[in-house]
Every structure is written in structure tokens, then in C-alpha cells.
Amino acid sequence: MAKPDFILYTGDTVHDGEAEDYAKLKAVFDQYFPDVPIYATMGNHDIADNFRVGFLGKEATDKPYYDVFYHDDLRII
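The model shown is predicted, which means the values in this text are computed figures rather than measured ones.

In this section: the environment of methionine 42. Looking at the secondary structure, you find methionine 42 in the loop between strand E2 (38–40) and helix H2 (48–56). In the structure, methionine 42 is positioned 23 residues away from tyrosine 65 in sequence and 7.9 Å away in space, judged by C-alpha atoms. What methionine 42 contacts, discounting residues up to four positions off in sequence, is Thr10, Gly11, Ile47, Ala48, Phe51 and Tyr65.

This is the structure in C-alpha cells:
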């Protein structure tokens, strides 16, 4: 099986939106795609602080989540 160049995770895949839910999802990505970059965005039902803590491993903040990813010549906003 060919290895993907990257994964674009677009959110809205955890049920309750707790930080632990996001951490479990991240662990699945890490287990099955250990050397594949994951560019994570949030869906409209995701909880920003829990997403930051559980999936991204960052501190909670009251700021909105925005990010820009670059992969070769591709820019994802």
C-alpha cells in the first residue's frame, strides 16, 4: 500500500468533544500513520480548547483556532 503524502483531518469526528476523545483520535492517527504529516482543522461542532489540548497537545486558550499549513507547493488555510 502506498503511503499518503499527508492527512488533512477536517474535524467533527469525536462524539462528546472532550480532550480525551481528541487524544484517542490522535493516537489512532499516530499508530496507523506514524510518519505521515497530519494537518488538522476543526469542524463546526468541535470544541476549540478541547481540540487544542487533546489533538494538538497545546494549552487551552480563549482565542479562535486558525492555522496555515504548507506541504511542498500546497498551502492549506
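On we go from here.
What describes a pair of aromatic rings is the distance from one ring centre to the other and the angle between the planes of the rings. Applying the stated criterion to the full structure yields 8 aromatic pairs. Ring plane angle 85° and centroid distance 5.7 Å describe the contact between tyrosine 22 and phenylalanine 51, whose orientation is recorded as edge-to-face. Taken together, the residues tyrosine 22 in helix H1 (residues 19–32) and phenylalanine 51 in helix H2 connect sequence positions 29 residues apart. Taken individually, tyrosine 22 and phenylalanine 51 each receive the classification buried, so the pair is uniform in this respect. Pairwise contacts between aromatic rings join Tyr9, Tyr22, Phe29, Phe51, Phe55 and Tyr65 into one cluster.

Glancing now at the side chain of arginine 52. With respect to the helices, strands and loops of the structure, arginine 52 is situated in helix H2. Classification of arginine 52 as buried rests on a relative accessible area of 6%. Ignoring sequence-local partners within four residues, the contact set of arginine 52 consists of Gly57, Lys58, Glu59, Thr61, Lys63, Pro64 and Tyr65.

A few words on the confidence of the model for the chain. Model confidence for the chain is summarised by a mean pLDDT of 92, while 100% of its residues fall at 70 or above. Across the chain, the element-wise mean pLDDT spans from 93 in strand E3 (residues 69–71) up to 96 in H1.

Attention now goes to the pattern of salt bridges. Once their charged atoms are close, side chains differing in charge can pair, the charge on each being opposite to the other. In total, this model carries 2 salt bridges according to the counting rule given. When the shortest N-O distance is used, the salt bridge between aspartate 30 and lysine 26 registers 2.8 Å. With aspartate 30 and lysine 26 both in helix H1, this residue pair falls 4 residues apart, about one helical turn. Residue aspartate 30 is classed as partly exposed on the basis of its relative accessible area, which comes to 37%. Arginine 52 serves as the salt-bridge partner of aspartate 49, at 3.5 Å between the closest nitrogen and oxygen.

For H2, the set of buried residues is Phe51, Arg52, Gly54 and Phe55. Those residues of H2 that are buried are in contact with strand E1 (7–9), H1 and E2.

What counts, and where the lines are drawn
- Residues numbered from 1 in each chain as written.
- Predicted model: local features only at pLDDT ≥ 70, side-chain atom pairs only at ≥ 80, totals over all residues.
- Heavy atoms only, no water.
- Helix = DSSP H or I, 4+ residues; strand = E, 2+ residues; numbered from the N terminus.
- Contact = heavy atoms within 4.5 Å.
- Phe/Tyr/Trp six-rings, centres within 6.5 Å; stacked < 30°, edge-to-face > 60°.
- Buried < 20%, exposed > 50% of the residue type's maximum accessible area, 1.4 Å probe, protein only.
- pLDDT = per-residue confidence, 0-100.
- Salt bridge = Lys/Arg side-chain N within 4 Å of Asp/Glu carboxyl O.

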